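# Geometric and topological summary
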Amino acid sequence: MNKKELRKKYKELRQFLSSEEIEDKSLAIANQLLHLDIWDKLYYHLFLTIEEQKEINTEYILQILAGKDKEIVISKCNFEALSMTHFLLTDNTKIKKNSYNVPEPIDGLEVPDAKIDVVFVPLLAYDKQGNRVGYGKGFYDNFLNKCKPETIKIGLSFFPPEEKIEDVSESDVKLAFCVTPDAIFSFTN
C-alpha cells in the first residue's frame with residue numbers, strides 16, 4: 001500500500017478504538033518501552049497526545065521519564081516552515097493546543113536538535129523495514145534529519161507493521177524500533 005492508502009486505513013482503524021482500549025494499549029506500550037536498552041540517555045523527545053486523532057496517550061511515558069529523572073523535550077510546530085522548535089518540559093511550562101489541536105508549549109528553555117538522544121515518534125503506520133507514515137506534513141522527517149546520527153528513533157503504534165510501504169522517499173527517516181502493546185520491532189540490523 002502507498003502512504004495515502006495507509007493514512008486512510010489507520011485513521012479509520014483508530015476511530016474504532018474505545019477510550020478504554022486506547023488507555024490500556026497506551027499503558028502496555030509504556031511498559032514495553034521499559035524493555036528497551038535506552039534508559040542511560042538524558043534528553044528524551046516526546047510528542048503530546050492529540051486526543052482528537054485517537055493517538056497513543058503519552059502521559060504514561062511522561063511518568064516513566066519523570067520517574068527516571070530524564071530531561072523531557074516537547075515541541076512547538078511552525079506550520080509555514082514545516083519545522084519544530086523544541087523546549088524543555090518543566091513545572092513552569094504552559095501548554096496550549098494549536099489550531100490543529102496539537103498540545104504545544106507556549107515558550108520555555110529551547111533545546112537544540114543535536115542535544116536530543118531519544119525521540120518517540122508519532123505515526124499512523126509503519127512497515128517491517130522501519131519506514132513510517134505520519135500525517136504527511138513532514139515535520140518529523142525534517143526534525144529527525146537534523147538530529148545527530150546516533151539519536152534513537154522509536155515509533156509508537158497500536159498496530160503491527162505493514163509488509164512494505166510502497167512510496168518511501170529519500171528524505172524519509174527510518175525508525176530504530178517500533179513499540180506496540182504486544183511487541184517491540186527492531187530495525188537496527
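All of these numbers come straight from a predicted model, not from anything done at the bench.

## Things to note about the side chain of threonine 58
You can see threonine 58 is positioned in the loop between strand E1 (43-45) and helix H3 (59-67). Beyond its immediate sequence surroundings of up to four residues, threonine 58 is in contact with Leu46, Phe47, Leu48 and Thr49.

## Here we look at the environment of lysine 137
Relative to the assigned elements, lysine 137 resides in the loop between strand E8 (132-133) and helix H4 (139-146). Each C-alpha atom of the pair lysine 137 and glutamine 32 lies 28 Å from the other, and the pair is 105 residues apart in sequence.

## Brief notes about the environment of leucine 88
The residue leucine 88 is located in strand E3 (residues 83-88) in this model. Note: C-alpha distance between leucine 88 and threonine 180 (92 residues apart in sequence) is 26 Å. For leucine 88, the contacting residues outside a window of four places in its chain are Tyr43, Glu71, Ile72, Val73, Thr93, Leu109 and Val111.

## Re the nonpolar core
In this structure, Leu33, Ile38, Phe120, Ile154 and Leu156 are the most contacted members of the largest nonpolar core, which totals 54 residues. Leaving out residues up to four positions away in the same chain, leucine 156 has contacts with Ile29, Leu33, Phe47, Ile56, Ile61, Phe120, Val121, Leu123, Cys178 and Val179.

## A word on the pairing of strand E6 (residues 118-121)
The alternating pattern of E6 places Val118 and Phe120 on one face and Val119 and Val121 on the opposite face, and all of these are buried. Pairing of E1 with E6, which is carried by two bridges, proceeds in the parallel orientation. When the bridges of E6 are listed, histidine 45 appears paired with valine 119.

What counts, and where the lines are drawn
Residues numbered from 1 in each chain as written. Predicted model: local features only at pLDDT ≥ 70, side-chain atom pairs only at ≥ 80, totals over all residues. Heavy atoms only, no water. Helix = DSSP H or I, 4+ residues; strand = E, 2+ residues; numbered from the N terminus. Contact = heavy atoms within 4.5 Å. Core = buried A, V, L, I, M, F, W, Y, C linked by side-chain atoms within 4.5 Å. Buried < 20%, exposed > 50% of the residue type's maximum accessible area, 1.4 Å probe, protein only. Pairing = 2+ DSSP bridges.

All quantities given are derived from atomic positions and should not be read as evidence of function.
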